[in-house]
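# Report on the structure
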Amino acid sequence: MKNLNPFYSNKTKGLIYICLSAVLFAISCTSTDSKTKNSASSQSALQEKGLKHYYNAYFPMGVAVSPKALKTESESNLIKKHFISMTAENVMKMGPIHPEESKYNWGPADEIVAFAAENDLMLRGHALCWHRQFPDWMFIDKDGNQVSKEVLLQRLETHIEHVAGRYKDKIFAWDVVNEAISDAHDEFYRNSTWYQICGEDYIIKAFETARKAAPNALLFYNDYNVTNTVKREKIVQLVGKLREKGVPINGVGIQGHWSVFEPSESQLRATIDSFLPLQIALHVTELDVSIYKKEHSRNDRKESDTGVLTSELAQMQIEKYNMIFSVFRDYKEELSSVTFWNISDRRSWLDNFPVRNRKDFPLLFDQNEVPKDAYWKVIDFK
Ligand code: GLA
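Predicted, not measured: the structure shown is a model, and the values here were computed from it.

Structurally, leucine 123 can be placed in strand S3 (residues 122-129). Taking the C-alpha atoms as reference, leucine 123 lies 8.6 Å from glycine 62; in sequence the two are 61 residues apart. Discounting residues that sit within four places of it in the chain, leucine 123 has contacts with Met86, Met92, Ile112, Val113, Ala116, Lys170, Ile171, Phe172 and Ala173.

As structure tokens, then:
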């Protein structure tokens, strides 16, 4: 018996152990099951919500699109889920929309306007006057000579009347003049063909015509490198000057082509602060955060341009996006729109600028259109 007891005792212990294990296993299965269910349901709730919902109380979230993206199911789904505003990336620019003096190419722009209407999206117009992506005919006469100021201003007026007029009540804000200020510290205006022929009068003409053609649209001056104090000061002066002359301007577009290396929080705050005395609308119009050091003109590929989003760069990007959006939230009364330039890392203009064929990863969605960690950070606030 002496020997049996331990046996029985061990057997009993063994049985109890087996039973207990089974019970514990069952309990743990149930709780794992309910945890899975809970996290699955919160996961699916998370997946239901998009950027626009998280930022509903802050500012409209927008994205630059092409007609092709609207026809690509995965991209059009991302647009509808996350954004409440769109900008035509290229098709409303002067060259694409007005290829010949007497010919307008309305089709692609109309597709974007129709998509916005069908899906209740706001639309920013971009851009009525710019020194790039202009049509060949704009600055020359039929003999190939440069046109006079009078002719050019007339052409500009006709262009804006047609384009802004066609989308009169469909577009809530227009980038009327894009990038007219010089990056050179000792030069005020960019020495573009517009400026060479018209002086600053083309800027005035553009705003005045846009106001007549689209009386209800907000009219913006839009530029990059605005975190640079010298350039920004010139933009502030330009707005002041236009206002003094009674030119109808409603806002400044801060493009926001930034990088994991810039701007710093204090530069970003100083940028927004310097426009506040103007009491003018502020939109962030072309946001992306490149993984490379920022360069605003073309360059050759360097050995260090690996085209790889390393974990270190991904972390820097998470922190930069986090900083940018926490500053934006602080300025929710001052910022009335934030637009990303392109949808996902699948395709960004930065894949070919400033270095051709150098992959960049500047957005919140990855190459498979899946939200990146930077996305989860941007929506993670109280
Ligand atoms: C500038 C223009 C945009 C676009 C980007 C690059 O920022 O304003 O229209 O061309 O460059 O895609």
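Text resumes after the structure shown.
This part takes up the nonpolar core. Grouped together as the largest cluster of nonpolar side chains are 105 residues, with contacts concentrated most on Phe325, Phe328 and Phe340. For this core, the element with the most residues is helix H12 (residues 311-330), which contributes eight residues. Apart from the residues within four sequence positions on either side, phenylalanine 325 is in contact with Tyr55, Phe59, Met61, Leu287, Val338, Phe340 and Val378.

Going through the model one piece at a time under the given rule, you end up with 19 salt bridges. Between lysine 205 and glutamate 157 there is a salt bridge; the shortest N-O distance is 3.2 Å. In this pair, lysine 205 is assigned in helix H9 (residues 201-213) and glutamate 157 in helix H7 (residues 149-166), connecting sequence segments 48 residues apart. Overall, the relative accessible area of 18% leaves glutamate 157 in the buried class. Connected through shared salt-bridge partners, Asp183, Arg190, Asp223 and Lys231 make up one network.

The subject of this paragraph is the site of the ligand. Taken together, Lys93, His126, Trp130, Gln133, Asn178, Glu179, Gln255, His257, Glu286, Trp341 and Trp349 form the complete shell of residues around the ligand. Contact between the ligand and lysine 93: an oxygen atom at 2.8 Å from a side-chain N or O atom of the residue. Within the side chain of glutamate 286, a nitrogen or oxygen atom sits 2.4 Å from an oxygen atom of the ligand. Starting from 300 Å² of accessible surface for the ligand in isolation, the protein chains cover 92%. Of the residues that constitute the shell around the ligand, the class distribution is three nonpolar, five polar and three charged.

So, on to the confidence of the model for the protein chain. Parts of the model with low pLDDT should not have their predicted coordinates read in detail. Of all residues in the protein chain, 88% have pLDDT values of 70 or greater, and the mean over the chain is 90. Residue range residues 1-38 is modelled with pLDDT below 50. Its contacts to residues more than four positions away, or to other chains, number seven contacts.

Among the structural elements, cysteine 198 can be located in helix H8 (residues 193-198). Cysteine 198 sits in the buried class, given a relative accessible area of 2%. In this structure the C-alpha to C-alpha distance between cysteine 198 and valine 151, which are 47 residues apart in sequence, comes to 9.9 Å.

A separate point is the side chain of histidine 257. Here histidine 257 is to be found in strand S7 (residues 257-259). Overall, the relative accessible area of 6% leaves histidine 257 in the buried class. Polar side-chain contacts of histidine 257 include one of 2.6 Å to the side chain of glutamate 286. There is a polar contact of 2.8 Å between the side chain of histidine 257 and the side chain of aspartate 288. Beyond its immediate chain neighbours, meaning those up to four positions away, histidine 257 contacts Glu286, Asp288, Lys294, His296, Trp341 and Trp349.

Turning our eyes to something else, we now look at H7. Taking 1.5 Å as the rise per residue, H7 with 18 residues should run 26 Å; its terminal C-alpha atoms sit 25 Å apart, in good agreement. Among all positions in H7, only Leu152, Leu153, Arg155, Leu156, Glu157, His159, Ile160, Val163 and Ala164 are buried. Looking at the buried side of H7, the elements it contacts are helix H5 (94-97), helix H6 (106-118), S3, strand S4 (173-178), H8 and H9.

It is worth spelling out the packing of H7 against H9 at this point. Here H7 crosses H9 at 30°, and the two axes come no closer than 9 Å. The angle between the axes of H7 and H9 places the two elements in the roughly parallel class. Seen along the crossing, H7 lies across H9 with a hand that is right-handed. In this structure, H7 contributes Lys149, Leu153, Leu156, Glu157, Ile160, Glu161, Ala164 and Gly165 to the contact, and H9 contributes Asp201, Tyr202, Lys205, Ala206, Thr209, Ala210 and Ala213. Grouping the constituent residues of the contact of H7 with H9 by class yields eight nonpolar, two polar and five charged.

Turning to the pairing of strand S5 (residues 218-223), a few remarks are in order. Burial analysis of S5 places five of its six residues in the buried class, which makes it a mostly covered element. Across five bridges, the pairing between S4 and S5 is parallel. Counterpart to asparagine 178 in the pairing with S5 is asparagine 222. Across four bridges, the pairing between S5 and strand S6 (residues 251-254) is parallel. The partner of asparagine 222 across the bridge, within S6, is glycine 253. Regarding topology, helix H10 (residues 229-244) serves as the crossover connection from S5 to the parallel S6, and that connection is right-handed.

Conventions and cut-offs
For every chain, the first residue of the written sequence is number 1, and numbering continues from 1 onward in sequence order. Reporting in this predicted model follows two pLDDT cut-offs: at least 70 for local features of residues, and 80 or more for side-chain atom pairs to be given and counted; totals over whole chains, interfaces and linings ignore these cut-offs and use all residues. Where side-chain values are given, they derive from all heavy atoms of the structure, hydrogens and water being excluded. Per the convention used, a helix needs a DSSP run of H or I reaching at least four residues, while a strand needs a run of E reaching at least two, with both numbered from the N terminus. In what follows, residue pairs with any heavy atoms lying within 4.5 Å of each other are defined as contacts. Side-chain atoms within 4.5 Å link the members of a nonpolar core, which is a set of buried Ala, Val, Leu, Ile, Met, Phe, Trp, Tyr and Cys residues. To sort residues, take the accessible area from a 1.4 Å probe on protein chains only and compare it with the maximum for the residue type: under 20% means buried, over 50% means exposed, and anything in between is partly exposed. Note on definitions: salt bridges are taken to be side-chain nitrogens of Lys or Arg within 4 Å of carboxyl oxygens of Asp or Glu. Being near a molecule or strand, for a residue, comes down to having at least one heavy atom within 4 Å of it. Residues adjacent in sequence count toward polar contacts only when both atoms are side-chain atoms; beyond that, a polar contact is any pair of N or O atoms within 3.5 Å, and within protein one must be able to donate a hydrogen and the other to accept it. For the area figures, the Shrake-Rupley method with a 1.4 Å probe applies, and any residue is considered shielded solely by the protein chains shown. Throughout this entry, Asp, Glu, Lys and Arg are counted as charged residues, while Ala, Val, Leu, Ile, Met, Phe, Trp, Tyr, Cys and Pro are counted as nonpolar. The remaining residues, Gly among them, count as polar. The predictor attaches a confidence to each residue, called pLDDT, with possible values from 0 through 100. Here the expected span of a helix is defined as 1.5 Å times the quantity of residues minus one. Note on method: axes are straight lines fitted to C-alpha atoms, helices fitted across the in-contact stretch only, with angles between N-to-C directions ranging 0 to 180 degrees. Note on angle classes: values under 35 degrees are labelled roughly parallel, values over 145 roughly antiparallel, values of 65 to 115 roughly perpendicular, and the remainder oblique. Left-handed describes a crossing in which the near helix is turned anticlockwise from the far one by less than a right angle; the clockwise case is right-handed. Two strands are said to pair when DSSP picks up at least two bridges between them. With the strands pointing away from the viewer, any crossover whose connection runs clockwise from the first strand over the helix to the second is right-handed.

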